[in-house]
Amino acid sequence: MEQNDNGKLFKLIHLDVPLLLGLLAVSGLGMIVLYSAGQQNMDLVLGQGMRLGLGFVIMLALAQAPPRYFRLWSPWIYLAGIALLLAVMAVGDISKGAQRWLDLGVIRFQPSEIMKLAVPMMMGWFFAEKPLPPRWLHLLGGVLITAIPFVLIAEQPDLGTALVVGSAGAFALFLAGLSWIIMFGLALLLGAAIPLFWTFIMHDYQRQRVLTFLNPESDPLGTGYHIIQSKIAIGSGGIYGRGWLNGTQSHLDFLPEGSTDFIFAAFSEEFGLVGACLLLALYFFIIARSLYMAAGAPDTYTRLLAGSLTLIFFLYAFVNSGMVSGLLPVVGLPLPLFSYGGTSLVTIMAGFGILMSVYSHRRTPTR
Amino acid sequence: MSLEEWLNRPPGMDLLVREKDNTAESELFFRRALVLLSIVLAGFLAVASRLVYLQVLHHERFTTLSENNRVRLQPLPPTRGFIFDRNGVLLADNLTSYHLEITREQVQDLDATMMELRERIELTDADIERFHKLVRRSPPYAGVPLRFRLTDEEIARLAIDLYRLPGVEIKADLTRHYPLEALGVHILGYVGRIDESELSHIDPGQYSGSTHIGKVGVERFYEDVLRGRTGWQQVETNAEGRPLRILSRTPPVPGQHVYLTVDMRLQAVAEKALDGYNGVVVALDPRNGEVLALASQPTYDPNPFVNGIDFASYRKLNTSKDRPLLNRALRGVYPPGSTIKPLMALAGLEYGVVNRHSGVYCPGFYRLPGSSHRFRDWKRSGHGSVGMDRAIAQSCDVYFYDLAFNLGIDRLHEFLDQFSFGRQTGIDLSGEKSGLLPSQEWKRRMHKHGWFAGDTLSVGIGQGYFLTTPLQLAHATAVISQKGVDFKPRVLLATEDPGTRIKTLEPPHQLPPVKVKNAQFWDTIIAGMIHVIEGGTAYRIGIGAKYRIAGKTGTAQVFTLGQREKYNARQLPKHLLDHALFVAFAPTDDPRIAVAVIAEHGGGGSKTAAPIARKVMDAWLLSKYDDTSIAPGSLPASDDGLHGTE
């Protein structure tokens, strides 16, 4: 009976218990790892705790809102995001050699973060009343909705976020049932665009990253250093790891960015293959649960929104773990719920909030 | 079909314009979501298999790389052993010298600190330039030397204010030091900084962390004994290379102390006795081969070589006509001159070409049968009728021309070879030369023509192609004094473990003895040598001697006189004067010292070389040392037999 009461309570506050448990498990593990990877700096852990707390509060808040409000606001959020991106281009701060931040006096934030939510929302909004699979004209609209922020963000340059935003759009199109033939054609087109992209869009340091990815040992003290040290950290962890607080690569500063982008390496060093696979399993569980929830959504808008938000989360987890283990080139994406800091944490939690809202309001269509 | 119709057509599908069908779309979404879930699974499986690759298949490699990252091996260079003479007089030790070091990361304002330091000690522009160069190359936590060899006064002035200067430190290091300076330098040698050519043949592990290596003399020959063994510590470092903690430590094994057979008091006497002559005194204990003194003049101070002698001083030493860097005892080659005659006589007796009664008439010259060429005797008027004894005592050349002619070069070579002529004596000092004991085979090889009888005559009086080192002469004299018992000359008396103070005595190295058919042959030539002193060419040094000496004078020609020319010392420039030679041993009934003396351009052996030998023998046998400053030293040898040769 008590179980039931609890179930009712969570239903009342619009939270999905399995997903919540998955998120809490990953976040809790992340805090434990961060304590070690951050040289046992309690301030770091507390700061991350605050940020996670804020993320969960935002998630909880968004879960309460009925999805039709998201739908109503979608085009405006999207347009505001585009406007902010243009503003950043004009007046943005230059941080780490890239224009990403908009300083609003009180807070600095990255408008590109908004687009991670706005593009799935806009895609859902755009296809909501259109028959699926999409028609040519509608396909063009979807592509434009995705391509405009993608180019703006890539120009900042922030390849990681551009990748996320672009993929969000692509996932939405895929979930909208775009025919395999078209997708194959688009993929070919994209492949053909890569040389153009390489020449005109990508900056030198990004090209360098890709080149270094292809052969990290070519630059062992420069860009290749990160990935070499990261592989050493992971590899030396072995099956069971060196144990918590015993990772030498992270504790002796050999592993760069050990508590942020490369925290997966610090984790794998101390917890080994077993720990790393457990984490991957947790991520898979979260994604599977989220997709299940998306599939249960009542209409096109909510399905596409929930589905592409889920895949954004997957993209983060996959690209980061792939990059840190040397499977993918170095792209500055954090490991979601694990890496210290970053506004992306708040964005991701907001995404889960929307997902929870969609699922808990599945009996009420958005129109 | 209008454009609008075409655009509204679902791609890849039929031309039917469908209305929105939520159920169908929901099913479509579900299928697509399943596809994506499989892609997600595939993605994570790809990462997982990458992890298996890194953490299982290549685990060991990455563990090694990780350890290499974190663990540094630091060499711990050993302390070099000291060198003492036979009485424990300290000859080489390690002095603490002080230098000023600055640790960059602890200094807030480097310029201000420099100003402060400049007020207290002298800093040259070169010091500062070198410092800045080193700072750029060093990590911020490493101390960088600013000034070397601080004086006591400078240390005192700095010490007061050091607490106000964070990051400034006075550091101590050990520098090899030779307290007796030039005395005995040709035995001791010196250490110097390891140079390129040495890097190729030393064990890099043993020498990592070391900057110095023995260059010449005992320092070089006993490098392995003196050096000790390098220790190691494993240090955990962070990514900047800053040492965090010591993981394990193998302490270095300090080098052994070395006691030499040399008596520095005797060495001082010998070096002083040469008195202005470039030349050599080698004194051996004939009973065991111990080198008692090995003086080669001129000498030099080895101390500046330790940390790199300046170029001008080195050039001066290296280009000096007197060649102070040359160890003449081992590396100087001289014709033995008449000092070889007792051995020639012995060879004559051994092969039966003479006996001690047979005589020769000396008209002042010698002619080979059927030749008009006159081989001159040093005494123009001739010695008249001479037997062996008088031939040695008066150094009659004609007697030995005849003897050598009758022996022939082959037998001569065979016999003298037993005394280590023409090959190294095997002394434990590096760089010894072989000299040259000529043979027919050698001349054919080197000069492409045959051996002449005249060549034999020259060799018979120690001239011609015959070349010896002073050490070979002293060694041969020692063998005569022992009537054939032969010891390899050596300078190592004992080694001492610096920790336990346990000494290990070096045993004498006996060589195969020189055997003659009749032991009385030895007595015959020794009698001749005694008569050199007692009424012979060196009669003057016999005057007032409290022991009996056996010796032989010699003169080595620096240039060859023409057939009609007359040697006139007064008319010749000094560098063309003959070398004066003298070999001797004493006392004759129980020989305890064998000496070879060469005074370059000293003229006659009896006049110049013999008195030097007498001084040395007096000092050793009667303990007459004029330099009282070389007292048996701060670390006296224990009394387990290191002193006593008397």
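Nothing here was measured: the structure is a model prediction, and the numbers come from that model.

**Details of the overall build of chain B**
Now for step 1: On a plain count of helices and strands, chain B comes out with 25 helices and 25 strands.
Now for step 2: The buried share of chain B, taken over its 646 residues, is 50%.
Now for step 3: Accessible area of chain B: about 29900 Å², with a carbon and sulfur share of 53%.

**Re the overall build of chain A**
Now for step 1: Tallying secondary structure elements over chain A gives 14 helices and three strands in all.
Now for step 2: In chain A, buried positions account for 56% of the 367 residues.

**Details of the sheet that holds strand β9 (residues 231–237) of chain B**
All names here are of chain B.
Now for step 1: As summarised here, the arrangement of the three strands in space is β1-β9-β10, forming an open sheet in which the pairing is antiparallel. Every other strand in the sheet has two partners, leaving β1 (71–76) and β10 (243–250) as the edge strands with one partner each. Ignoring which end each strand starts from, the neighbouring axes of this sheet average 30° apart.
Now for step 2: With six bridges joining them, β1 and β9 adopt antiparallel strand pairing. Note that in β9 the partner of Q74 across the bridge is Q233.
Now for step 3: Each of β1, β9 and β10 touches helix α3 (residues 59–70); the most contacted strand, β1, lies at about 50° to it.

**Focus on the interface of chain B and chain A**
Now for step 1: Facing 50 residues of chain B, the contacting portion of chain A comprises 67 residues.
Now for step 2: In this assembly, chain B packs against chain A so that about 4900 Å² is buried in total across both faces, 70% of it on carbon and sulfur atoms.
Now for step 3: Contact with chain A buries area across many residues of chain B, yet F29, R32 and F44 of chain B alone supply 16% of it, more than any other trio.
Now for step 4: Note that E67 of chain B is salt-bridged to R242 of chain A, the shortest N-O span being 3.5 Å.
Now for step 5: On inspection of chain B and its partner chain A, the count reaches 16 residue pairs in polar contact (both at pLDDT 80 or more).
Now for step 6: For the side of chain B that touches chain A, the elements supplying multiple residues, two or more each, are α1 (3–7), α2 (22–57), α3 and β9 of chain B.
Now for step 7: It is α2 of chain B that contributes the most residues to the side of chain B that touches chain A, 25 residues altogether.
Now for step 8: Of the residues in the side of chain B that touches chain A, the class split is 29 nonpolar, eleven polar and ten charged.

**A short note on the pairing of β9 of chain B**
Residues and elements named next belong to chain B.
Now for step 1: Within β9, five of the seven residues are buried, which leaves it mostly tucked inside the rest of the structure.
Now for step 2: Pairing geometry for β9 and β10, over six bridges, is antiparallel. Directly across from W232, in β10, lies its bridge partner T250.
Now for step 3: Linking two consecutive strands that pair antiparallel, namely β9 and β10, is a turn of five residues; a positive phi of about 90° is found at G241 within it.

**Some words on the sheet that holds strand β24 (residues 579–586) of chain B**
All names here are of chain B.
Now for step 1: Across the sheet, five strands lie side by side as β14-β13-β25-β24-β23; this open sheet has antiparallel pairing. The two strands at the open ends of the sheet, each matched to only one other strand, are β14 (290–297) and β23 (550–556). Between one strand and the next, the sheet's axes are offset by a mean angle of 5°, whatever the strand orientation.
Now for step 2: Sheet strands in contact with helix α12 (residues 264–273) are β13 (279–285), β14 and β25 (593–599), and its direction is about 30° off that of β14.

**Let's talk about the confidence of the model for chain B**
Should pLDDT be low for a region, the predicted coordinates there are not to be read in detail.
Residues and elements named next belong to chain B.
Now for step 1: Summary statistics for chain B give a mean pLDDT of 86 and a share of 92% for residues scoring 70 or more.
Now for step 2: Note on residues 633–646: pLDDT is under 50 here. Beyond four places in sequence and across chains, it has 37 contacts.
Now for step 3: Overall fold confidence (pTM) sits at 0.68, and the ipTM for the predicted complex is 0.92.

**Details of the nonpolar core**
Now for step 1: In terms of nonpolar packing, the biggest core is built from 129 residues, with L260, L266, Y399, F419, F421, I593 and M617 of chain B touching the most fellow members.
Now for step 2: In terms of residue count, helix α25 (residues 605–622) of chain B provides more of this core than any other element does, nine residues in total.
Now for step 3: Leave out the neighbours within four places in its chain, and Y399 of chain B touches V354, N355, S358, V360, V386, G387, M388 and A391 of chain B.
Now for step 4: Within the second largest apolar cluster, 113 residues are counted, among which are A154, I182, L315 and F318 of chain A.

**Re a nonpolar patch on the surface**
Now for step 1: A surface patch of nonpolar side chains, amounting to about 660 Å² of accessible area, comprises I239, Y240 and V274 of chain A together with V52, Y53, V56 and L57 of chain B.
Now for step 2: It is α2 of chain B that contributes the most residues to the nonpolar patch, four residues altogether.
Now for step 3: Mapped onto the secondary structure, I239 of chain A falls in the loop between α10 (223–237) and α11 (248–251).

**Re the packing of aromatic side chains**
Now for step 1: Within this structure, the stated rule accounts for 28 aromatic pairs over all chains.
Now for step 2: For the pair F313 of chain A and F352 of chain A, a centre-to-centre distance of 4.9 Å together with 75° between the ring planes defines the contact as edge-to-face. Pair noted here: F313 of chain A is in helix α13 (residues 300–324) and F352 of chain A is in helix α14 (residues 344–360), with a separation of 39 residues, a long-range link. As far as burial versus exposure is concerned, F313 of chain A and F352 of chain A are alike and both buried.
Now for step 3: By the ring-pair criterion, three or more aromatic residues cluster together here, those being Y283, F313, F314, F318 and F352 of chain A together with F44 of chain B.
Now for step 4: Between the NZ or CZ atom of R32 of chain B and the centre of the ring of W180 of chain A, over which it lies, the distance is 4.8 Å.

**Quick look at the packing of helix α16 (residues 341–350) of chain B against helix α19 (residues 409–417) of chain B**
All names here are of chain B.
Now for step 1: One way to put it is that α16 packs onto α19 with a least axis distance of 10 Å and a crossing angle of 115°. Comparing the axis directions of α16 and α19 gives the class roughly perpendicular. Along this stretch, α16 crosses α19, giving a crossing that reads as right-handed. Side by side, α16 and α19 meet where L343, M344, L346, A347 and E350 of the first sit next to L412, F415 and L416 of the second.
Now for step 2: Residue composition of the contact of α16 with α19, grouped by class: seven nonpolar, no polar and one charged.

**Some thoughts on the pattern of salt bridges**
Now for step 1: According to the stated counting rule, one finds 36 salt bridges over all chains in the structure shown.
Now for step 2: Here K483 of chain B ties to D523 of chain B by a salt bridge, and the two come within 3.0 Å at their closest N and O atoms. With K483 of chain B in the loop between α22 (470–481) and β19 (486–487) and D523 of chain B in helix α23 (residues 520–533), this pair connects stretches of sequence that are 40 residues apart.
Now for step 3: For K483 of chain B, a relative accessible area of 43% puts it in the partly exposed group.
Now for step 4: Connected through salt bridges with shared partners, the residues R242 and E269 of chain A together with E67, R70, E236 and R245 of chain B form a single ionic network.

**Overview of the environment of A276 of chain A**
Now for step 1: Secondary-structure assignment places A276 of chain A in helix α12 (residues 263–295).
Now for step 2: With a relative accessible area of 0%, A276 of chain A lands in the buried category.
Now for step 3: C-alpha of A276 of chain A to C-alpha of G241 of chain A: the two residues are 35 residues apart in sequence and 9.5 Å apart in space.
Now for step 4: Leaving out residues up to four positions away in the same chain, A276 of chain A has contacts with F264, F267 and S268 of chain A together with L51 of chain B.

**Let's talk about the environment of H449 of chain B**
Residues and elements named next belong to chain B.
Now for step 1: Checked against the element boundaries, H449 lands in the loop between α20 (440–447) and α21 (453–460).
Now for step 2: We classify H449 as partly exposed; its relative accessible area is 38%.
Now for step 3: Setting aside its immediate chain neighbours within four residues, H449 contacts K443 and R444.

**Re helix α2 (residues 17–37) of chain A**
Residues and elements named next belong to chain A.
Now for step 1: For α2, with 21 residues, the first-to-last C-alpha span of 30 Å sits near the 30 Å given by 1.5 Å per residue.
Now for step 2: Three or more residues of α2 are buried, namely L19, L20, G22, L23, V26, S27, L29, G30, V33, L34, S36 and A37.
Now for step 3: Where α2 begins, the capping side chain belongs to D16, and its oxygen is found 3.1 Å from the backbone nitrogen of L19.
Now for step 4: At the C-terminal side of α2, Q39 shows a positive phi close to 60°.

**Thoughts on unusual backbone geometry**
Now for step 1: Cis geometry marks the peptide bond from Q297 of chain B to P298 of chain B; its omega dihedral reads -5°.
Now for step 2: Within the secondary structure layout, P298 of chain B lies in the loop between β14 and α13 (303–306).
Now for step 3: The linkage connecting A586 of chain B with the following residue, P587 of chain B, adopts the cis geometry, with an omega of -20°.
Now for step 4: Looking at the element boundaries, P587 of chain B is found in the loop between β24 and β25.
Now for step 5: A positive phi angle is found at Q39 of chain A, which is not glycine, with a value near 60°.
Now for step 6: Summarising the element assignment, Q39 of chain A is placed in the loop between α2 and α3 (42–64).
Now for step 7: The exposure class assigned to Q39 of chain A is partly exposed, which follows from its relative accessible area of 37%.
Now for step 8: With phi around 50°, R323 of chain B is a residue other than glycine that occupies positive phi space.
Now for step 9: Locating R323 of chain B in the fold gives a position in the loop between α14 (311–319) and α15 (328–331).

**Let's talk about the state of the cysteines**
Residues and elements named next belong to chain B.
Now for step 1: Tallied over the full model, the rule gives zero disulfides over all chains.
Now for step 2: We note that C396 lacks a disulfide partner, and the nearest cysteine sulfur, in C362, lies 3.8 Å from it.
Now for step 3: Judged by relative accessible area, C396 falls into the buried class, the value being 0%.

So, how was this worked out
- Residues numbered from 1 in each chain as written.
- Chains lettered and ligands numbered in written order.
- Predicted model: local features only at pLDDT ≥ 70, side-chain atom pairs only at ≥ 80, totals over all residues.
- Heavy atoms only, no water.
- Helix = DSSP H or I, 4+ residues; strand = E, 2+ residues; numbered from the N terminus.
- Buried < 20%, exposed > 50% of the residue type's maximum accessible area, 1.4 Å probe, protein only.
- Areas by Shrake-Rupley, 256 points an atom, 1.4 Å probe, with all protein chains shown as cover.
- Pairing = 2+ DSSP bridges.
- Axes fitted to C-alpha atoms, helices over the stretch in contact; angles between N-to-C directions.
- Contact = heavy atoms within 4.5 Å.
- Buried area = accessible area lost by both parts, 1.4 Å probe.
- Salt bridge = Lys/Arg side-chain N within 4 Å of Asp/Glu carboxyl O.
- Polar contact = N/O pair within 3.5 Å; in protein donor to acceptor, adjacent residues only side chain to side chain.
- Nonpolar A, V, L, I, M, F, W, Y, C, P; charged D, E, K, R; others polar.
- pLDDT = per-residue confidence, 0-100.
- Core = buried A, V, L, I, M, F, W, Y, C linked by side-chain atoms within 4.5 Å.
- Patch = residues over 30% accessible without salt bridge, like charges linked within 9 Å, V, L, I, M, F, W, Y side chains within 5 Å.
- Phe/Tyr/Trp six-rings, centres within 6.5 Å; stacked < 30°, edge-to-face > 60°.
- Lys NZ or Arg CZ within 6 Å of the ring centre and 35° of its normal.
- Parallel < 35°, antiparallel > 145°, perpendicular 65-115°, else oblique.
- Left-handed = near helix turned anticlockwise from the far one by under 90°.
- Expected span 1.5 Å × (residues − 1).
- Disulfide = S-S within 2.5 Å.

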